[in-house]
Amino acid sequence: MVKCPRCEQLVDETERTTCPLCFTSVVPDPNLTAPVNSINPSQAAQIGQQTQQVQPVSLSAQDIPPPRPGSTTAGGRVTLMGDIIPDDPAAGGQSFTGSNVQELKDPRASLSSQNFEEAETSNKRGTLISGILFFLVVFGGSGYYWWYGHRTNPQDQAKKYFQAVKILDYKTMYETTSFSEEEKKSVTDADAYTVQAKGKFTVFGTEERAKEGLKGLTILSVSEPKTSDKGVTTVKVKLKLAIGGQSLPLEKDLEMKNEGGLWKIVNSSMGSNLFGGN
């Protein structure tokens, strides 16, 4: 390696003969390769004069190689014809053109949009679930209340009562009978009712004969319930009792009362005798 005598740039003399910066020759003059001890004073003075006479090398524009097509210079881009297209200062530096160049977007913006859509969907789903729960609580509760208040109907309850009469099922008769507040003082439970109900079948004599005779009891019809202007609901029951080769018809207008959704026969409308008048 040698130093350029002009700019002191290190140069590999085995690869090039001029400085890559100022193009000054770095190869020693053959006349100067003699040993120092063999140079006389007059030769040394001549060498000094030659060294001082070395002039700086100036490069013209023609000596600088032209830029390659497609490359970028400080002032713009170079076309295939070698022309320089200046950059647009308003574009803020290098610009991209062409239909195949897509607009660059911040990925965080897409992520934020996605999170917003997911949050909006979640809110809609929560609102829908809340609406369903509200519907179930309000209308479901109302439906249950309506069902509770209409668990039975007067016709079926009247049939159930007389089917219990046929087999002397006092417990079922008690459960399908409505008592006034005064009657509840004496009819406190099913056992108290049993004692009272047995008096309605004295026409048969003993209870055994009553069970035997009631086997011929037939429920002919129970009419549709009717409600008066005073709010009293009644049904007409037609019965037939076949006993001793005879057929005894029986027809009663029974008042029905709804107690907590359970229709019951008002006890006072039965009368004192099942087969007598009211």
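Let me begin by describing the structure that accompanies this report. (Residues numbered from 1 in each chain as written. Predicted model: local features only at pLDDT ≥ 70, side-chain atom pairs only at ≥ 80, totals over all residues. Heavy atoms only, no water.)

**What to know about the pattern of salt bridges**
Note the following rule: A pair is scored as a salt bridge if a Lys or Arg side-chain nitrogen falls within 4 Å of a carboxyl oxygen belonging to Asp or Glu. When a residue's accessible area, from a 1.4 Å probe over protein chains only, is under 20% of the maximum for its type it is buried; when over 50% it is exposed; and in between it is partly exposed.
All chains considered together, the criterion is met by 8 salt bridges. One salt bridge in this structure joins E182 and K185, with 3.4 Å as the shortest N-O distance. The exposed category is assigned to E182, whose relative accessible area is 56%. One continuous salt-bridge network, built from bridges that share partners, spans K236, E251 and D253.

**Some thoughts on the pairing of strand 10 (residues 262-266)**
Two faces make up the sheet, and in a regular strand the side chains alternate between them. What counts, and what does not: Secondary structure follows DSSP: runs of H or I at least 4 residues long count as helices, runs of E at least 2 residues long count as strands, and numbering of each begins at the N terminus. At least two bridges found by DSSP between two strands is the condition for calling them paired.
In terms of burial, strand 10 is largely enclosed, as 4 of its 5 residues are buried. Where strand 5 (residues 177-178) meets strand 10, 2 bridges bridge the pair, whose relative direction is parallel. Directly across from S178, in strand 10, lies its bridge partner V266.

**Regarding helix 5 (residues 190-197)**
Here is the rule: To obtain the arc, one takes the directions from the helix axis to the C-beta atoms. What qualifies as a polar contact is a pair of N or O atoms within 3.5 Å, subject to a donor-acceptor requirement within protein and to the restriction that residues adjacent in sequence count only when both atoms come from side chains.
For helix 5, the complete set of buried residues consists of Y193, T194 and A197. Projected down its long axis, helix 5 shows its buried positions confined to an angular sector of 105 degrees, all on one face. Exposed residues pointing more than 90 degrees away from the buried face of helix 5 are listed as D191 and V195. Capping of helix 5 at its N-terminal end is provided by D189; its side-chain oxygen lies 3.3 Å from the backbone amide nitrogen of D191.

**Let's talk about the packing of aromatic side chains**
Heads up, the rule is: By convention, a stacked pair of Phe, Tyr or Trp rings (six-membered ring in the case of Trp) has centres within 6.5 Å and planes under 30 degrees apart, an edge-to-face pair has planes over 60 apart, and any other such pair is tilted.
As enumerated under the stated definition, the model contains 4 aromatic pairs in all. Ring plane angle 90 degrees and centroid distance 5.1 Å describe the contact between Y161 and F162, whose orientation is recorded as edge-to-face. Aromatic side chains F179 and Y193 sit 5.7 Å apart centroid to centroid with 70 degrees between the ring planes, which places their arrangement in the edge-to-face category. Here Y193 lies in helix 5 and F179 lies in the loop between strand 5 and helix 5, a separation of 14 residues in the sequence. Accessibility classification places F179 together with Y193 in one group, the buried group. Three or more aromatic residues link up through ring pairs in this structure, and these residues are Y174, F179 and Y193.

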